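If you want the building blocks of each chain, they are given just below.
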Amino acid sequence: MYRSILVPIDISEADLTRHVVPQVQAHAKTAKVHFLAVIPTVPFYASLGLAYSSEFPDRSGLQAKASEKLEEIVKQFNIPAGRSQIHVVYGPPKDQILKLAEAVDAELIVIASHKPGFSTYLLGSTASAVVRHAKCPVLVVR
Ligand code: ADP
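Residues numbered from 1 in each chain as written. Predicted model: local features only at pLDDT ≥ 70, side-chain atom pairs only at ≥ 80, totals over all residues. Heavy atoms only, no water.

Within an unreviewed UniProt entry, the label attached to the chain reads Universal stress protein F, and the organism entered is Citrobacter werkmanii. Quoted verbatim from the Sequence similarities (unreviewed entry) field of UniProt, the annotation for the chain is "Belongs to the universal stress protein A family." UniProt's Subunit (unreviewed entry) comment on the chain is quoted here verbatim: "Homodimer." (UniProt positions renumbered as here; feature names shortened; annotations may be inferred.)

Listed below in structure tokens is the structure:
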């Protein structure tokens, strides 16, 4: 029986979560489920030519909005309140997913293979990095 499960959620792809829900429910049982949304910051904004400070979107505002959205998405999973926890952090998604997996002692990571619409054999860049580097089993949902 798993005690701690990590479910990274791409909040910009709400549809993606649908396939993950039954898999998480099947494995969660009595486990604590950590839901994580990563806001990709520096490379993203840097690529738009934005610097920090005034040009940078308000961090805490963004984080609050992302938390709201993640909470909304998490409702679909029907995990009892005491057994689910949401996390919203900034950084490169794959690094932050691996980092939180260690921090919460995840025994399983449940991740969608890629965005819908792409070929079914494809493993997205975040998913493949997590599969490659995680220290616990990873369930890739297709
Ligand atoms: P694609 O390249 O098709 O977007 P990804 O590998 O990036 O595929 O995404 C697959 C899965 O990785 C998502 O369903 C989600 O579980 C996780 N993921 C991707 N980006 C993020 C993010 N910013 N925050 C949390 N999880 C993410």
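And the narrative resumes.
Trainee: I tried to follow helix H3 (residues 59–75) on my own but got confused; where do I start?
Mentor: In an α-helix, one turn spans 3.6 residues; hence positions three or four apart end up facing the same way. Here H3 spans 25 Å end to end across 17 residues, near enough to the 24 Å set by a 1.5 Å rise per residue. What H3 keeps buried is the set Ala-66, Ser-67, Leu-70, Ile-73 and Val-74. Projected down its long axis, H3 shows its buried positions confined to an angular sector of 125°, all on one face. Turned more than 90 degrees off the buried face of H3, the exposed positions are Lys-65, Glu-68 and Lys-75. As for H3, its buried residues are in contact with helix H1 (17–28), strand E2 (32–39) and strand E3 (84–90). (Helix = DSSP H or I, 4+ residues; strand = E, 2+ residues; numbered from the N terminus. Expected span 1.5 Å × (residues − 1). Buried < 20%, exposed > 50% of the residue type's maximum accessible area, 1.4 Å probe, protein only. Arc of directions from axis to C-beta. Contact = heavy atoms within 4.5 Å.)

Trainee: It is not clear to me how the environment of Pro-116 should be interpreted in this structure. Could you clarify?
Mentor: Mapped onto the elements of the fold, Pro-116 is located in the loop between strand E4 (108–112) and helix H5 (125–133). Exposure remark for Pro-116: the relative accessible area of 46% places this residue in the partly exposed category. It is 9.1 Å that separates the C-alpha atoms of Pro-116 and Arg-142, two residues lying 26 residues apart in sequence.

Trainee: What is the right way to read the environment of Ala-129 from this model?
Mentor: Positionally, Ala-129 belongs in helix H5. On the basis of relative accessibility, which here comes to 9%, the residue Ala-129 falls in the buried class. Taking the C-alpha atoms as reference points, Ala-129 and Leu-98, 31 residues apart in sequence, are found 9.0 Å from one another. Not counting the four nearest positions on each side in its chain, Ala-129 is found in contact with Lys-94 and Leu-98.

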